[in-house]
Amino acid sequence: MEDLKSLILGILGGLIVLIIAKAYNAYRKKSIKEDIDFLEYEKKHLAEMKRSSIEMNRSSFKAIFSLFLIIGIANLISKLIAFINVEKLSEVSSFITLIIWGIFVSLCIIFWRRYDNLKNYKEAIIKIDRKLSKLNNKLKNN
């Protein structure tokens, strides 16, 4: 009877490991496909911006307005919490404001890199193609 229990537990454990491995591999493939799609979009977007000054200006204004929006939200949250005057929320307000300013800085870095890629278009396209080929190789090997 003990041997049968051990055998059943071993089989169930093996099945659980197989299911988890299958789910992880599916998640990994999906993640790689999403990265490939994003890089292809970035490459296409850079090409459109390079060809058209209108598209570049449109993208620049979207970047500027999104940064202004985030600055406004960061300032609004602290003012709103101060207006409500709940002392327990003041610590939460500081934490949320810190997260929003972190988002602001990361967006600035992303937009800075995009325009740096635009200045060095050929090198940026080569880097993106290299990343795409690595991701495609990973996808084929899985």
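To be clear, the structure that these remarks concern was listed above.
Note that the structure is a prediction, hence the values are computed from the model and not measured.

J.: Give a detailed account of the overall build of the protein chain, specifying residues and quantitative values.
T.: Along the protein chain, the regular secondary structure elements total four helices and zero strands. If you list the helices and strands of the protein chain from N to C, you get α-α-α-α. Taking the principal axes of the C-alpha coordinates as reference, the protein chain spans close to 70 × 55 × 15 Å. Evaluated residue by residue, the protein chain yields a buried proportion of 19% over its 142 residues. Sequence-distant contacts in the protein chain: of pairs separated by 6 or more residues, those separated by 24 or more amount to 77%. Of the roughly 11,300 Å² of accessible surface on the protein chain, 66% is carried by carbon and sulfur atoms. Computing the positive centroid from 24 side-chain charges and the negative centroid from 14, the protein chain places the two 6 Å apart.

J.: Can you lay out a nonpolar patch on the surface for me, pointing to particular residues and giving the numbers?
T.: On the surface, a nonpolar cluster with roughly 1,000 Å² of combined accessible area is contributed by Leu 76, Leu 80, Phe 83, Ile 84, Val 86, Leu 89, Val 92, Phe 95, Ile 96, Ile 99 and Ile 103. Broken down by element, the residue count for the nonpolar patch peaks at six residues, all from helix H3 (residues 88–119). For Val 92, the position within the fold is in helix H3.

J.: Run through the nonpolar core, naming residues and quoting values.
T.: One finds Ile 32, Ile 36, Leu 39, Leu 46, Met 49, Leu 118, Ala 124, Ile 128, Leu 132 and Leu 135 forming the largest nonpolar core, which totals 10 residues. For this core, the elements supplying multiple residues, two or more each, are helix H1 (2–51) and helix H4 (121–141). A total of five residues in this core trace back to one element, the largest contributor, which is H1. By size, the runner-up hydrophobic cluster in this structure holds seven residues, among which are Ala 63, Leu 67, Ile 70 and Phe 104.

J.: With reference to specific residues and values, describe the layout of surface pockets.
T.: Estimated volume of the largest pocket: approximately 560 Å³. Lining the largest pocket are 20 residues; nearest its centre among them are Phe 38, Glu 42, Ile 110, Arg 114 and Asn 117. Class assignment for the residues of the lining of the largest pocket results in eight nonpolar, three polar and nine charged.

J.: Pulling in residues and values, what's your account of the environment of Asn 136?
T.: With respect to the helices, strands and loops of the structure, Asn 136 is situated in helix H4. Residues Asn 136 and Lys 33, spaced 103 residues apart in sequence, show a C-alpha to C-alpha distance of 8.4 Å.

J.: Can you lay out H4 for me, pointing to particular residues and giving the numbers?
T.: With 21 residues, H4 extends 30 Å from end C-alpha to end C-alpha; this agrees with the ideal 30 Å at 1.5 Å per step. Where H4 is concerned, the buried positions are Ala 124, Ile 125, Ile 128, Leu 132 and Leu 135. Down the axis of H4, the buried set is contained in an arc of 95°. They therefore lie on one face. Turned more than 90 degrees away from the buried face of H4, the exposed residues are Lys 122, Lys 127, Lys 134, Lys 140 and Asn 141. Contact partners of the buried residues in H4: H1 and H3.

Cut-offs and rules
- Residues numbered from 1 in each chain as written.
- Predicted model: local features only at pLDDT ≥ 70, side-chain atom pairs only at ≥ 80, totals over all residues.
- Heavy atoms only, no water.
- Helix = DSSP H or I, 4+ residues; strand = E, 2+ residues; numbered from the N terminus.
- Buried < 20%, exposed > 50% of the residue type's maximum accessible area, 1.4 Å probe, protein only.
- Contact = heavy atoms within 4.5 Å.
- Areas by Shrake-Rupley, 256 points an atom, 1.4 Å probe, with all protein chains shown as cover.
- Lys, Arg positive; Asp, Glu negative; His and termini not counted.
- Charge placed at Lys NZ, Arg CZ, Asp CG, Glu CD.
- Patch = residues over 30% accessible without salt bridge, like charges linked within 9 Å, V, L, I, M, F, W, Y side chains within 5 Å.
- Salt bridge = Lys/Arg side-chain N within 4 Å of Asp/Glu carboxyl O.
- Core = buried A, V, L, I, M, F, W, Y, C linked by side-chain atoms within 4.5 Å.
- 1 Å grid on protein atoms, 1.4 Å probe; cavity = no way out; pocket = protein on both sides within 12 Å on 5 of 7 lines; lining within 4 Å.
- Points joined across faces, edges and corners; volume = space filled by probe spheres on them.
- Nonpolar A, V, L, I, M, F, W, Y, C, P; charged D, E, K, R; others polar.
- Expected span 1.5 Å × (residues − 1).
- Arc of directions from axis to C-beta.

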